[in-house]
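Residue-level structural notes
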Amino acid sequence: MDKLESKDFMNITDLLNNAPDKEPERQYYFIDEAAKLISKKEQELGRKLTCCVTTFGCQMNARDSEKLLGILKKIGYVESTDENADFVIYNTCTVRENANNKVYGRLGILHNYKKKNKGMMIALCGCMMQEPTVVENLQEHYKFVDLIFGTHNIYKFAELFVTSFLNKKGTIIDIWKDTDKIVENLPIERKYSFKSGVNIMFGCNNFCTYCIVPYVRGRERSRTPEDIVKEIKDLVADGVVEVMLLGQNVNSYGIGLEEKTSFAKLLEMINDIEGLKRIRFMTPHPKDLSDELIDAMARLDKVCNHMHLPLQSGSTEILKKMNRRYTKEDYLVLVDKLRARIPDIAITTDIIVGFPGETEEDFLETIDVVEKVKYDSAFTFIYSKRTGTPAATMPNQVDDATVKDRFDRLLKLVQNNGHDKVRQFEGTVQEVLVEEVNEQDETLVTGKMTNNITVHFPGDKSLIGQIVKVKLNCCRGFYYIGEVIS
């Protein structure tokens, strides 16, 4: 806490002393106190206060942002998509350094807004804030930021908000190195009424040498199956038909639980929830993909026939340097098992090109895996150094020209294979969950098949959230144009 006026210091001290110790009751206490502060501010201004939550990064971050927005709306803010708002929060990503630079650039714009709106508050949270050098830089060059917190104490947002709101000078900073705490049942404002992400675990224990996630998200900890099932039942009662189970490595679900429950067993429990139509999950790690899970996916009717199985490299030597803990052969065996048990499964992946020490022979091993698996689609990335990871200081960094050549060759192969895989459904009738009115053509709606293929077809917003039968008339690369079959 930095330079509070005496009366405000007393207010905060009183609030902290009177707050319950138990969670989430403590946060609901601060939500009530924050609502009083916002109500008073509204009366002063003669209008409602606006807020804008901007998400950088993965679906885990998107789910966290729904929690932040839920609290802001609970205390009285009105959501705005305009960052020229009374309260702006950036939920940051730090997987790649250019993500950090993007945030710094956007902060300059916010500073200009704040000069015109003296009461504006700016908060930063998420993975980027877990880096000490980032916080030091913010303290030195971005003193106009009001609140900084990390990934481990997002549940504490209401408490931090009140402290920051009463603070007249300086930045409130609350960063935790790690935590074993999971706080349930706080407000959430979902982006979609018909589908939702559901955290089943937090953190990562894998320490891939190119990845900073374990350092900023902490060690793995799992939510209890009872809490997960209860949350999903409540979501279904509120109109949700599809859930996406979220974790850095869902295959290792169960770590930290008193009574060990495997991910496959959790899927069975969720599959039994009445009213739920579809179950998706991400991201699994190949080293932990069990026969039990493959069998569960084959048996359980609500689990979608889609597996995102990150390869990263087809070279066993490079995989070893990445600390992925499986070989090329191990990976191909998993793919064979998946296709044997679930013939219509869609398999997608992540691939990194140009990892330190990657030779042409290593790259050709990756090409070989892509040829053998024939992915439905793939996210391909050019390796970029991530300060703080072991790979950043490895010798034999690959030159840019070589990396670009390999990336282009890989991308062309992935696209050709993907087009062939997607085209096989042309002329068939498939079930599609309608997600939105098409952004380019408002006479069309857009939805997803169970295998995650996108379909556009004539319809209106009344179809959103429904699962409809659609004839796939025309394949356009990675998506279809279709028509509803009544």
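Nothing here was measured: the structure is a model prediction, and the numbers come from that model. Numbering of residues starts from 1 in each chain and follows the order in which that chain's sequence is written. Per-residue local features are limited, in this predicted model, to residues with pLDDT of at least 70; the limit for side-chain atom pairs, both in listing and counting, is 80 or more; totals at the level of whole chains, interfaces and linings are taken over all residues. Note that water and hydrogens are dropped before the side-chain values are worked out from all heavy atoms of the structure.

A separate point is the pattern of salt bridges. By definition, a salt bridge exists where a carboxyl oxygen of Asp or Glu is found within 4 Å of a side-chain nitrogen of Lys or Arg. Under the counting rule described, the total for this entry stands at 38 salt bridges. Residue Glu 365 pairs with Lys 328 through a salt bridge whose shortest N-O separation is 2.4 Å. In this pair, Glu 365 sits in helix H13 (residues 360–373) while Lys 328 sits in helix H12 (residues 328–341), placing the two residues 37 residues apart along the sequence. A 1.4 Å probe rolled over the protein chains alone gives each residue an accessible area, and that area as a share of the maximum for its type sets the label: buried under 20%, exposed over 50%, partly exposed in between. The partly exposed category is assigned to Glu 365, whose relative accessible area is 32%. Among the ionic pairs, Asp 368 bridges to Lys 328, the shortest N-O distance being 2.7 Å. In this pair, Asp 368 sits in helix H13 while Lys 328 sits in helix H12, placing the two residues 40 residues apart along the sequence. What counts as a helix is a DSSP run of H or I of at least four residues, what counts as a strand is a run of E of at least two, and both are numbered from the N terminus.

Now for the environment of Asp 368. Assessed through its relative accessible area of 24%, Asp 368 is described here as partly exposed. As for Asp 368 and Ser 315, which are separated by 53 residues in sequence, their C-alpha atoms are 9.4 Å apart.

Take the pairing of strand S7 (residues 195–199) next. In terms of burial, S7 is largely enclosed, as five of its five residues are buried. Across the two faces of S7 the burial is the same, with Lys 195, Gly 197 and Asn 199 and Ser 196 and Val 198 all buried.

Further remarks concern unusual backbone geometry. Across the junction of Glu 23 and Pro 24, the peptide omega takes the value 5°, indicating a cis bond. When you line up the elements, Pro 24 lands in the loop between helix H1 (6–18) and helix H2 (25–45). At the junction of Met 282 and Thr 283, the peptide bond is cis and its omega measures out at 5° in the coordinates. In this fold, Thr 283 is placed in the loop between strand S11 (278–282) and helix H10 (291–299).

Here we take up the packing of aromatic side chains. Only the six-membered ring of Trp is used, alongside the rings of Phe and Tyr, when aromatic pairs are assigned; centres must lie within 6.5 Å, and planes under 30 degrees apart are stacked while those over 60 apart are edge-to-face, with the rest tilted. One pass over the structure, following the stated rule, counts 18 aromatic pairs. Their ring planes at 50° and their centres at 5.5 Å tell us that Phe 87 and Phe 161 sit as a pair that is tilted. With Phe 87 in strand S3 (residues 87–92) and Phe 161 in helix H6 (residues 157–166), the pair connects residues that are 74 residues apart, well separated along the chain. The exposure classification of Phe 87 matches that of Phe 161, with both residues buried. Aromatic rings pair up to connect Tyr 77, Phe 87, Phe 149, Phe 157, Phe 161 and Phe 165 into one cluster.

A few words on the sheet that holds S11. Two strands are said to pair when DSSP picks up at least two bridges between them. Strand order in the open sheet formed by three strands is S7-S10-S11, and the pairing between neighbours is parallel. Two strands lie at the open edges of the sheet, namely S7 and S11, each paired on one side alone. Going from strand to strand, the sheet's axes swing by 25° on average, the running direction of each strand aside. Judged from the five bridges that link them, strand S10 (residues 242–246) and S11 form a sheet pairing that is parallel. Bridged to Val 243 within S11 is Ile 279. Whether two residues touch is decided by their heavy atoms; if any such pair falls within 4.5 Å, the residues are in contact. Helix axes are fitted to C-alpha atoms over the stretch in contact, other axes to C-alpha atoms as well, and angles between N-to-C directions run from 0 to 180 degrees. Most of the contacts of helix H8 (residues 225–237) go to S7, to which it runs at about 165°, and overall it touches S7 and S10.

Moving on, we come to the packing of H13 against helix H14 (residues 400–423). When two helices pack together, their arrangement is given by the angle between the helix axes and by the axis-to-axis distance. Closest axis-to-axis distance for the H13/H14 pair is 10 Å, and the angle between their directions is 5°. The orientation of H13 relative to H14 falls into the category roughly parallel. Contacts between H13 and H14 pair Glu 360, Phe 363, Leu 364, Thr 366, Ile 367, Val 370 and Glu 371 from the former with Arg 406, Arg 409, Leu 410, Leu 413, Val 414 and Asn 417 from the latter. Oblique is the label for any angle not under 35 degrees, not over 145, and not in the 65 to 115 range, which are roughly parallel, roughly antiparallel and roughly perpendicular in turn.

This brings us to the state of the cysteines. Pairs of cysteine sulfur atoms within 2.5 Å are what we label disulfides. Across all of its chains, the model carries zero disulfides by this definition. Summary of cysteine pairing: Cys 304 is not part of a disulfide, and the nearest cysteine sulfur, belonging to Cys 475, is at 20 Å. Unpaired in this structure, Cys 474 has its nearest cysteine sulfur neighbour in Cys 475, at a distance of 7.1 Å.

This brings us to the packing of helix H9 (residues 263–271) against H10. Running from N to C, H9 and H10 cross one another at 20°; their axes reach a closest spacing of 8 Å. Here H10 runs roughly parallel to H9, going by the angle between their axes. Like other packed secondary-structure pairs, H9 and H10 cross with a definite hand, here left-handed. Two secondary-structure elements touch here, H9 through Phe 263, Ala 264, Lys 265, Leu 267 and Glu 268 and H10 through Glu 292, Leu 293, Ala 296 and Arg 299. Residues are grouped as follows: Ala, Val, Leu, Ile, Met, Phe, Trp, Tyr, Cys and Pro are nonpolar; Asp, Glu, Lys and Arg are charged; all remaining types, including Gly, are polar. By residue class, the composition of the contact of H9 with H10 is five nonpolar, no polar and four charged. Crossings are sorted by hand: turned counterclockwise from the far helix by less than a right angle, the near helix makes the crossing left-handed, and turned clockwise it makes it right-handed.

On any regular strand, side chains alternate: one points to one face of the sheet, the next to the other face. Bridging between strand S15 (residues 429–437) and strand S18 (residues 467–475) involves five bridges; their strand directions are antiparallel. The partner of Glu 431 across the bridge, within S18, is Lys 469. Bridge analysis of S15 against strand S16 (residues 444–448) gives four bridges, and the strand direction is antiparallel. Within the sheet, the bridge partner assigned to Val 434 lies in S16 and is Gly 447. Between the end of S15 and the start of S16, which pair antiparallel, lie six residues.

What follows deals with H6. With ten of ten residues buried, H6 is to be regarded as a mostly interior element. Here H6 has its buried residues at Phe 157, Ala 158, Glu 159, Leu 160, Phe 161, Val 162, Thr 163, Ser 164, Phe 165 and Leu 166.

Paired through backbone hydrogen bonds, the strands of a sheet run either parallel or antiparallel to each other. Strands sit in the order S2-S1-S3-S4-S5-S6 across an open sheet of six strands; the sheet is parallel. What marks the edges here is a single partner per strand, and that holds for strand S2 (78–79) and strand S6 (172–174). With six bridges connecting them, S3 and strand S4 (residues 121–126) associate as parallel partners. Its bridge partner being in S4, Phe 87 is matched across the sheet by Met 121.

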